[in-house]
Amino acid sequence: MTITDVRVRKVAKEGKMKAIVSITLDEEFVVHDIKVIEGERGLFIAMPSRKAADGEYRDIAHPINSATRERIQQIILDAYEKAAEAEPEE
């Protein structure tokens, strides 16, 4: 599996969520609504989720193992950093 495209949409409002990202896998499959969030130990990603009947949020799509999650997260955070650097300073 190769991530062939990353689209970063920065979030303008203040808060912990910094961007919403879409990734394309092997130029054939897209995953939308991956969130870039600023946590206590730095930036991380949250996969797309929906609220279940019990009030808990459950991922709709997610990596099956931690190595894949780390690879996806690193690619997304690298793209986010490039987008942040390209943004003009106020």
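Residues numbered from 1 in each chain as written. Predicted model: local features only at pLDDT ≥ 70, side-chain atom pairs only at ≥ 80, totals over all residues. Heavy atoms only, no water.

## A word on the overall build of the chain
Defined as follows: Under the DSSP-based scheme used, a helix requires at least four consecutive residues in state H or I and a strand at least two consecutive residues in state E, with every element numbered from the N terminus. Exposed residues in this analysis have more than 50% of their type's maximum accessible area, buried residues have under 20%, and partly exposed residues fall in between, with area computed by a 1.4 Å probe over protein chains only. Every accessible area reported is derived by Shrake-Rupley at a probe size of 1.4 Å, with residue values counting cover from the shown protein chains alone. Under this rule, positive means Lys or Arg and negative means Asp or Glu; His and the chain ends count for nothing. Every charge is mapped to an atom, namely NZ of Lys, CZ of Arg, CG of Asp or CD of Glu.
Summing up its helical and strand segments, the chain has one helix and six strands in all. The secondary structure elements of the chain, listed N-terminal to C-terminal, are β-β-β-β-β-β-α. When the backbone C-alpha atoms are referred to their principal axes, the chain occupies close to 45 × 30 × 20 Å. Of all 90 residues assigned to the chain, the portion counted as buried reaches 26%. Looking at the chain as shown, the accessible area adds up to about 6800 Å², and 48% of this sits on carbon and sulfur atoms. Here the chain carries 14 positive and 18 negative side-chain charges, and the mean point of each set is 6 Å from the other.

## Side note on the confidence of the model for the chain
Worth spelling out the cut-off: Scored between 0 and 100, pLDDT is the confidence that the predictor attaches to each residue.
Scored by pLDDT, the chain comes out at a mean of 93, with 97% of its residues at no less than 70. Between the elements of the chain, mean pLDDT differs from a low of 93, seen in strand β6 (residues 57-59), to a high of 97, seen in strand β2 (residues 17-25).

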